[in-house]
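Each chain, letter by letter, is given below.
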Amino acid sequence: MAGHSKWASIKHRKAVVDARRGQQFTKLARAITVAAREGGGDPEMNASLYNAVQKAKDASMPKDNIERAIAKGTGEGADGDAIETVLYEGYGPGGVALLIEALTDNRNRTSAEIRHLLSKQGGTLGEPGSVAYLFEKRGIAVVDASRYSEDDLMVAIDAGALDIAVDEDVYEILTEPGDLAAVRAALDEAGVEVESSEVVQQPSARVPVQEADAAKLIKLVDALEESDDVSAVHANFDVSGEILERIAG
């Protein structure tokens, strides 16, 4: 897990800043709309929607925006049905596997843009199934390790968490995707502040990368995440926290 938790925490803090600029709100709203369309508009009955709404709240998205996004997904808006989920697979510098999740109303446009970004930043687009088998869907909640002990997090295990991993200054609490909402609720009830929680694609093994490749890789990931249609980028890299700090600068 070396370096990955720290990068997740760095990315979360960056996402909060981006959200306040507006771009991330659009992506979060799309995710809420699709979750509501596919599983209904009640977060208590739709785990995917609950997680999408919680992620939006973590990024300080206004309640009105969240409610409008749910309404679109349940048919009260005009464009809810136009958005679809697309998964792209590819490779980055150093042979790192990439899973790129997109929410788009134009598959051809998004495919062309992702192919261009990969090519421009030293990556390649793979065939369907080329890297997906290297990842497993998991829920993850991130908690500041400087504020809490593992004993404080035992409520998460009682609520169904699979494991608690620590990497320098953060804990990563891993769950089955469907259990993330219950684990988050248990932590909230116990007074443990959660920095972020989301469903991710967790790699089964990680590829060690050196600083030069890590810098190129993170530049690629940033470029992909800045695309309006890309909702998440997952990668199986392993790099030290010190290198990540230097790159994040």
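For clarity, every value in this text was computed on a predicted model and none was experimentally measured. (Residues numbered from 1 in each chain as written. Predicted model: local features only at pLDDT ≥ 70, side-chain atom pairs only at ≥ 80, totals over all residues. Heavy atoms only, no water.)

(A) Representation of a negative patch on the surface within the structure. Together, Glu-150, Asp-151, Asp-152 and Asp-163 line one region of the surface with negative charge. Locating Asp-163 in the fold gives a position in strand β5 (residues 163–167). Judged by relative accessible area, Asp-163 falls into the partly exposed class, the value being 39%. (Patch = residues over 30% accessible without salt bridge, like charges linked within 9 Å, V, L, I, M, F, W, Y side chains within 5 Å. Areas by Shrake-Rupley, 256 points an atom, 1.4 Å probe, with all protein chains shown as cover. Salt bridge = Lys/Arg side-chain N within 4 Å of Asp/Glu carboxyl O. Lys, Arg positive; Asp, Glu negative; His and termini not counted. Charge placed at Lys NZ, Arg CZ, Asp CG, Glu CD. Helix = DSSP H or I, 4+ residues; strand = E, 2+ residues; numbered from the N terminus. Buried < 20%, exposed > 50% of the residue type's maximum accessible area, 1.4 Å probe, protein only.)

(B) Here's a closer look at the sheet that holds strand β4 (residues 135–144). Spatially, β5-β6-β4-β7 is the arrangement adopted by the 4 strands of the open sheet, whose pairing is antiparallel. A single partner strand is all that each edge strand has here, and the edge strands are β5 and β7 (196–203). Mean inter-strand twist for the sheet, computed between neighbouring axes without regard to direction, equals 35°. Along the sheet, helix α7 (residues 180–189) contacts β4, β6 (170–175) and β7; its crossing angle with β7, the most-contacted strand, is approximately 140°. (Pairing = 2+ DSSP bridges. Axes fitted to C-alpha atoms, helices over the stretch in contact; angles between N-to-C directions. Contact = heavy atoms within 4.5 Å.)

(C) Representation of the environment of Ala-71. Inspection of the secondary structure puts Ala-71 in helix α4 (residues 63–73). Note: C-alpha distance between Ala-71 and Ile-32 (39 residues apart in sequence) is 9.5 Å.

(D) Quick peek at the sheet that holds strand β1 (residues 84–91). Read across the sheet, 4 strands follow the order β3-β1-β2-β9 without closing on themselves; strand pairing throughout is antiparallel. Sheet topology places β3 (124–125) and β9 (230–235) at the edges, where each strand pairs with a single neighbour. The pairing of strand β2 (residues 97–104) with β9 spans 5 bridges and is classified as antiparallel. Counterpart to Leu-99 in the pairing with β9 is His-234. Helix α8 (residues 211–225) rests against β2 and β9 of the sheet, and its axis sits at about 160° to β9.

(E) The arrangement of the confidence of the model for the chain in detail. Summary statistics for the chain give a mean pLDDT of 85 and a share of 85% for residues scoring 70 or more. Helix α1 (residues 4–21) is the least confidently modelled element of the chain, averaging 49 in pLDDT, while helix α6 (residues 154–158) averages 95, the highest of any element. Contacts for the low-pLDDT stretch residues 1–6, under 50 throughout, to residues beyond four places or in other chains number 26 contacts. (pLDDT = per-residue confidence, 0-100.)

(F) Seen up close, the pattern of salt bridges. In total, this model carries 12 salt bridges according to the counting rule given. In this structure, Glu-38 and Arg-37 form a salt bridge, with 3.7 Å as the shortest nitrogen-oxygen distance. By relative accessible area, which is 58% here, Glu-38 ends up exposed. Here Asp-229 ties to Arg-109 by a salt bridge, and the two come within 2.8 Å at their closest N and O atoms. With Asp-229 in the loop between α8 and β9 and Arg-109 in helix α5 (residues 107–120), this residue pair connects regions lying 120 residues apart in the sequence. Linked through salt bridges whose partners overlap, the residues forming this network are Arg-30, Asp-105, Arg-109 and Asp-229.

(G) Structural view of unusual backbone geometry. Backbone geometry places Ser-60, a non-glycine residue, at a positive phi of 65°. Note on placement: Ser-60 falls in the loop between α3 (47–58) and α4.

(H) Molecular detail of the pairing of β7. Counting buried residues along β7, 6 of its 8 residues qualify, which places the element largely inside the surrounding structure. By the bridge criterion, 8 bridges tie β4 to β7 in an arrangement that is antiparallel. Among the inter-strand pairings, Lys-137 is bridged to a residue of β7, identified as Gln-201.

(I) Structural detail: the packing of α3 against α7. At a minimum axis separation of 9 Å, α3 and α7 run at an interaxial angle of 45°. One finds that α3 runs oblique with respect to α7. The element α3 and its partner α7 pack so that their crossing is left-handed. Residue-level contacts link Tyr-50, Asn-51, Gln-54 and Asp-58 of α3 to Leu-180, Ala-181, Arg-184 and Ala-185 of α7. Its residues placed into classes, the contact of α3 with α7 shows 4 nonpolar, 2 polar and 2 charged. (Parallel < 35°, antiparallel > 145°, perpendicular 65-115°, else oblique. Left-handed = near helix turned anticlockwise from the far one by under 90°. Nonpolar A, V, L, I, M, F, W, Y, C, P; charged D, E, K, R; others polar.)

(J) Fine view of α3. Here α3 is 12 residues long and its end C-alpha atoms lie 16 Å apart, about the 16 Å a rise of 1.5 Å per residue gives. When α3 is considered as a whole, its buried residues turn out to be Leu-49, Tyr-50, Asn-51, Ala-52, Val-53, Gln-54, Ala-56 and Asp-58. Just beyond α3, the residue with positive phi is Ser-60, at close to 65°. (Expected span 1.5 Å × (residues − 1).)

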